[in-house]
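Examination of the molecular architecture
The lines below spell out each chain.
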Amino acid sequence: MKEDFLHYIWLYKKLDFTNLRTTNGEVIAILNFGQYIQQAGPDFFNAQIMIDNQKWAGNIEIHIKSSDWYVHHHEKDDNYNNVILHVVWENDTPIFRKDNSEIPVLELKNYVSSEELNNYRELTSQKSWIFCENQIAKVPNFVFTNWQERLFFERLERKSNPIQQLLKETENDWESVLFCMLAKNFGLNTNGEMFLKVAKSITFSIIRKEALEVTYLEALLFGQANLIPLDGEDNYPKDLKSWYDYIALKYKLDKPTIAPIQFFKHRPDNFPTIRLAQLAMVYHLQRNLFSKTIEAKSIQEIYKIFDVSVSDYWKSHYNFDKISSKKEKTLSKSFIDLLIINTIIPIQFAFFQNQGKDSSEFLIDLISNIPAEKNTIIEKFTTFGIKSNNAFQTQSLLQLKNEYCIQKKCLQCAVGLELLKK
């Protein structure tokens, strides 16, 4: 038994109202169950009840056992002075206010049906992956679709948090924020944080000034990432080192303290050298990148913006001083999809939100044109009958799994609430 189940019972009025009585035998009539605002203090605010024909207005606190009142030290908290009813599953001790008056107690276990309790136990009994794995496919489509939309925007809210922080750090320079977020996602999970530190170490005005030559941008990025070899045989890394030393002196750059950039377990096309070279080419070819991504009206426009390759040196190299067969090394469609999901759409969401504009329909339409992601979580949902056709659905499922299923928040989930109704 968890307290959130009792919150669910009270919030959705899932109890037998006939002959409600306090543990002292007083007749209870509930006029208003109160507001469930989930903030500090009692669980339900501004409730109204009748106890033996006397009307009370105030707050309601819910616990598994009445003794939890003292376990949580509510007797020392003035926020609980106006509690008019203590709703518990089991009454194991009387509770008193600061003025020594006893708080009336309603013991819920006497008024909740066995069917309601069995539904809850069935939902929350341990399964191999998630609690509702044997039932989730039975949830009506309109319930699940509406819930997916809510989950998608919850995930966007979370992704927009670092964007808002970067806005504060850059004094609302959206171009700089986009550069930082792109750098992070060009680094993927392995090198993302290191790439982000590299991007943050370069004032974006420097990127603007040096973008006329892709060599200068490569010198900046590889130099700040400490990837230029000191004793290479090729002329190109020697030239990069010279350009980097000049640019670092010119702009008084300090190298960021970062962990070594990782190559291990990456396919060659995902080597950090190739990703930095591609990022440099993006900013060499695309001026006012932020405006272009914000003004893009379709997924095809964004694909065109990121249709870039690498400089000549990197077409025949994956690392410095090691020649390989020549290859264009353009950004793949699947990689651009990752950039759109993890950078472009969160940036658009944050920007339109700051402008006070509703972008929900546009963003759903945009991400719905991206194919479904492939990972173990999405594959597992598929085995339970939840199939995804696009990235809107997969992003929603990732939010569901990570923020609800793993956290065991079944009673805050539309799926869990719908299944309890059954």
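Read on for a plain summary of the structure. Once a new chain begins, its residue numbering starts again from 1 and follows that chain's sequence as written. With pLDDT at 70 or above as the cut-off, local features in this predicted model cover only qualifying residues; side-chain atom pairs require 80 or more to be listed or tallied, and sums for whole chains, interfaces and linings still use all residues. Side-chain metrics in this entry use all non-hydrogen atoms of the structure; hydrogen atoms and water are not considered.

1. Observations concerning the overall build of the protein
Starting at the N terminus, helices and strands are each numbered in turn, a helix being any DSSP run of H or I of at least four residues and a strand any DSSP run of E of at least two. The helix and strand tally for the protein stands at 18 helices and seven strands. Oriented by its inertia axes, the alpha-carbon framework of the protein measures out at about 90 × 45 × 40 Å. Exposure classes here rest on a 1.4 Å probe applied to the protein chains alone. A residue is buried below 20% of its type maximum, exposed above 50%, and partly exposed in between. The 422 residues of the protein split such that 51% are buried. For the protein, long-range pairs separated by at least 24 residues make up 61% of all intrachain contacts whose partners lie at least 6 apart in sequence. Total accessible area on the protein stands at roughly 21100 Å², and carbon and sulfur atoms take up 47% of it. Any two residues whose heavy atoms approach within 4.5 Å are treated as being in contact. Here the Shrake-Rupley method, with its probe set to 1.4 Å, supplies the accessible areas, and only the displayed protein chains count as covering residues.

2. A short note on the nonpolar core
Take the buried Ala, Val, Leu, Ile, Met, Phe, Trp, Tyr and Cys residues and link them wherever side-chain atoms come within 4.5 Å; each set so joined is a nonpolar core. By size, the foremost hydrophobic cluster in this structure holds 86 residues, and its most contacted members are L182, F186, F222, Y283, F306, W314 and I340. With residues near it in sequence (within four places) discarded, F222 still touches L227, I228, L240, T273, L276, A277, W314 and F320.

3. Side note on the packing of helix α8 (residues 214-224) against helix α9 (residues 235-251)
Axes here refer to lines fitted to C-alpha atoms; in helices the fit is confined to the stretch in contact. Angles between the N-to-C directions go from 0 to 180 degrees. Taken N-terminus to C-terminus, the directions of α8 and α9 make an angle of 80 degrees; their axes are 8 Å apart at the nearest point. By the angle class used here, α8 and α9 are roughly perpendicular. Contacts between α8 and α9 involve T215, Y216, E218, A219, L220, F222, G223 and Q224 from the first element and Y236, L240, W243, Y244 and I247 from the second. Only Asp, Glu, Lys and Arg are considered charged, only Ala, Val, Leu, Ile, Met, Phe, Trp, Tyr, Cys and Pro nonpolar, and every remaining residue, Gly among them, polar. Looking at the contact of α8 with α9, its residues break down into nine nonpolar, three polar and one charged. Note on angle classes: values under 35 degrees are labelled roughly parallel, values over 145 roughly antiparallel, values of 65 to 115 roughly perpendicular, and the remainder oblique.

4. A closer look at the environment of V415
Checked against the element boundaries, V415 lands in helix α18 (residues 414-421). What V415 contacts, discounting residues up to four positions off in sequence, is C132, I136, V139, F144 and W147.

5. So, the sheet that holds strand β2 (residues 44-51)
With respect to topology, five strands assemble into an open sheet ordered β1-β2-β3-β4-β5, the strand pairing being mixed. The open sheet has two free edges, formed respectively by β1 (28-32) and β5 (105-107), since each of these has just one partner strand. The average undirected angle you get between the axes of adjacent strands in this sheet is 40 degrees. Strands were regarded as paired on the criterion that DSSP finds at least two bridges between them. Alignment of β1 against β2, held across four bridges, turns out to be antiparallel. Residue pairing for β2: I28 is matched across the bridge by I51. Against the sheet, helix α1 (residues 3-11) engages β1, β2, β3 (54-65), β4 (83-90) and β5, with an angle of about 150 degrees to β3.

6. Some remarks on the pattern of salt bridges
Any two side chains of opposite charge can pair if their charged atoms end up close together. Salt bridge, as used here, is a side-chain nitrogen of Lys or Arg placed within 4 Å of a carboxyl oxygen of Asp or Glu. For the coordinates displayed, the defined rule picks out 12 salt bridges. The partner of R208 in a salt bridge is D173, and the shortest N-O contact between them spans 3.8 Å. Taken together, the residues span a long stretch of sequence, with R208 in helix α7 (residues 204-210) and D173 in the loop between α4 (141-169) and α5 (174-186) at a distance of 35 residues. Here R208 falls in the partly exposed class, since its relative accessible area comes to 46%. Of the charged contacts, one joins D245 and K241 as a salt bridge, the two residues approaching to 2.8 Å between their closest N and O atoms. Of this pair, D245 and K241 both sit in helix α9, four residues apart, which is roughly one turn of the helix. K241 sits in the partly exposed class, given a relative accessible area of 28%. Three or more residues joined by partner-sharing salt bridges are found here, namely D312, K315 and E328.

7. Points about the packing of aromatic side chains
Only rings of Phe, Tyr and Trp enter the pairing, Trp through its six-membered ring, and a pair is recorded when the two centres are within 6.5 Å. The plane angle decides the type: under 30 degrees is stacked, over 60 is edge-to-face, the rest tilted. For the structure on display, the rule yields 32 aromatic pairs. Grouping aromatic residues by their ring pairs yields a cluster made of W174, F290, F351, F352 and F362. Here K13 stacks its cationic end above the ring of F33, 4.8 Å away from the centre of that ring. We note K401 situated over the ring of W129; from NZ or CZ to the ring centre the distance is 3.9 Å. Cation placement over rings: the criterion is NZ of Lys or CZ of Arg within 6 Å of the ring centroid and within 35° of the ring normal.

8. Re the pairing of β4
Most of β4 sits out of view: seven of its eight residues are buried. Strand direction decides the pairing type here: β3 and β4, joined by six bridges, are parallel. Counted as the bridge partner of I62 is V87 from β4. Two elements, β4 and β5, share three bridges in a ladder whose sense is parallel. Across the sheet, residue V87 finds its bridge partner in β5, namely L106.

9. Description of helix α10 (residues 272-285)
Residue count minus one, scaled by 1.5 Å, sets the expected span of a helix. Between its first and last C-alpha, α10 extends 20 Å over 14 residues, near the 20 Å set by a 1.5 Å rise per residue. Along α10, 12 of the 14 residues are buried, which leaves the element largely enclosed by surrounding structure.

10. Section: unusual backbone geometry
Phi is positive for D52, close to 50 degrees, though the residue is something other than glycine. If you trace the backbone, D52 turns up in the loop between β2 and β3. With a phi close to 70 degrees, N100 is a non-glycine residue in the positive phi region.

11. Quick look at the packing of helix α16 (residues 376-383) against helix α17 (residues 391-405)
The N-to-C vectors of α16 and α17 enclose an angle of 90 degrees; their axes lie 10 Å apart at closest approach. As far as their axial angle goes, α17 and α16 are roughly perpendicular. Contacts between α16 and α17 involve I377, I378 and F381 on the former and, on the latter, T394, L397, L398, L400, K401 and N402.

12. Description of the state of the cysteines
The criterion for a disulfide is a pair of cysteine sulfur atoms lying within 2.5 Å. On inspection of all chains with the given rule, the structure shows zero disulfides. The cysteine C405 is free of any disulfide, with C132 supplying the nearest cysteine sulfur at 5.6 Å. Of all cysteine sulfurs in the structure, the one in C405 sits closest to C413, which takes part in no disulfide; the separation is 6.3 Å. Owing to a relative accessible area of 7%, C413 belongs among the buried residues under this scheme.

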